[in-house]
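# Examining the three-dimensional arrangement
As a plain string of letters, each chain reads:
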Amino acid sequence: MKKSVFFSIMSVFIVILFVAFVELSNIYVAQETELELTRRRVNIINSVISDMEDTYFEKIIYASAKSSLIGLSDYYADGGFSENRIKKRLDSALEDVIYNGTLKDTDGNTVANLVSAGYIGANYTLQSLSGNVEEVFNDLGLEVNQFEIELNRESLRQKDPWTMELQADITYDLRDRTGLASWKGRTTKTVDITVYGLYAFDYENGQKSNTGVIKNTWKVDNSPYTEPSILSKLSGQSVPNSGLGICSPGFNCEQAGI
C-alpha cells in the first residue's frame, strides 16, 4: 500500500513537470515575442499551481497522515498499547510525528523517532513530501519564499467506524526568478483516512486483546456497545463509542453483552 501511494504521488510530479517543460520548450521554439512568452509562462505556472491545489496537496496530506497513523499504531502495539506508551490525544501525537517522525511527551521532550526506528518511511513524512514540491517549483524557475502545511489537529475525528477525517492548511508564497510575477495562496484541504492497515485491539472483558492489523474482516460494534472508536483507542480512551467502534474477528463484538 505504501509503495503504491508513493509511486502514484511521484507520477503526479512527473506528469506536471513533463507538461510544463514541454509547454515551455514549445514557447521558445515558436520564437514568440517576449510579452507573449511571459504571458504564456505565467499561464502555465498558474495551471501547475492550480493542479497542485486540486490534486497533489490532498495526496500529500493523505499519504503523510496515513503513514504516520500506521507507524504510531504499530509503535503502540509493540508496547502492548500500554498507557505509558500511548500519548493522550491521537491528534497531538499525529501532529508530532507527521513532519519528521519525532514523537514527544506532554512536556515536549522527544520520546522516539518513528522514522529512524523503522515505523514510518522517510519518504512519507511531510518534510520529505513538501521538499519534493519545493523541488518542482525550483525546477520551474520559482523562488519558494514559503510553503507550509499545518494540520488543524482539532479537526481529527472518527467520521464512521472505518474512516477518520482530517483538515490541513497549505500556505504558499512563490516568486518567478525573473521578478515578473508572484503567487500567494492559502487553501484548506479535508481528507478521509481509512483505518485499514492500522494496528488496533479489542476490549474483551475490560482487557485489551486480539491485537492486529485492521482488515475488512473486522466487525462493526453493535448495541450494547463495547468498543471505543479506533481514534479513541489510539488516544488511550476506553469509553465505547455508539456505532463507531470495530473489533477483530477474534472477538464477536456484534454479539457482546447479548
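Quick caveat: nothing in here was measured; it's all calculated off a predicted structure.

### Notes on the packing of aromatic side chains
Within the structure shown, the criterion is met by eight aromatic pairs. Taking 6.1 Å as the distance between ring centres and 75° as the angle between the ring planes, the aromatic pair formed by Phe137 and Phe147 counts as edge-to-face. Remark: Phe147 occurs in strand S3 (residues 142-160) and Phe137 occurs in helix H4 (residues 126-139); sequence separation between them is ten residues. The burial state of Phe137 is the same as that of Phe147; both residues are buried. With 5.5 Å between their ring centres and 25° between their planes, Trp162 and Tyr196 make a pair best called stacked. On the criterion of sequence distance, the pair formed by Trp162 in the loop between S3 and strand S4 (163-176) and Tyr196 in the loop between strand S5 (182-194) and strand S6 (199-204) is long-range, its members being 34 residues apart. When its relative accessible area of 33% is taken as the criterion, Tyr196 is described as partly exposed. Ring pairs connect the aromatic residues Phe57, Phe137, Phe147 and Tyr172, which therefore count as one cluster.

### Comments concerning the nonpolar core
The nonpolar side chains of soluble globular proteins are, as a tendency, buried together. Membership of the largest hydrophobic core comes to 62 residues, with the highest contact counts inside it found for Met164, Leu166, Ile214 and Ile230. Residue assignment for this core shows that the elements contributing at least two residues are helix H2 (34-78), helix H3 (90-100), H4, S3, S4, S5, S6 and helix H5 (230-233). Examining the composition of this core, we find that 17 residues originate from one element, H2, more than from any other. Looking at which domains feed residues into this core, each of domain 1 (44-194) and domain 2 (199-255) supplies at least three. Every residue in contact with Ile230, bar those within four places of it in the chain, is listed here: Gln158, Met164, Val195, Leu198, Ala200, Ile214 and Ile246.

### Structural notes on the pairing of strand S7 (residues 207-213)
For a regular strand, side-chain orientation follows a simple rule: the groups alternate between the two sheet faces. As defined by bridge partners, S6 adjoins S7 across five bridges and the pair is classed as antiparallel. Its bridge partner lying in S7, Glu204 is registered against Gln207. As consecutive antiparallel partners, S6 and S7 are separated by two residues, and within that stretch Asn205 has a phi angle of approximately 55°, a positive value.

### A closer look at unusual backbone geometry
In this structure, Phe81 takes a positive phi of about 50° despite not being glycine. Even without being a glycine, Arg89 presents a positive backbone phi close to 75°. Note on placement: Arg89 falls in the loop between H2 and H3. By relative accessible area, Arg89 is classed as partly exposed at 41%.

Cut-offs applied
Residues numbered from 1 in each chain as written. Predicted model: local features only at pLDDT ≥ 70, side-chain atom pairs only at ≥ 80, totals over all residues. Heavy atoms only, no water. Phe/Tyr/Trp six-rings, centres within 6.5 Å; stacked < 30°, edge-to-face > 60°. Helix = DSSP H or I, 4+ residues; strand = E, 2+ residues; numbered from the N terminus. Buried < 20%, exposed > 50% of the residue type's maximum accessible area, 1.4 Å probe, protein only. Core = buried A, V, L, I, M, F, W, Y, C linked by side-chain atoms within 4.5 Å. Domains from an automatic or database assignment. Contact = heavy atoms within 4.5 Å. Pairing = 2+ DSSP bridges.

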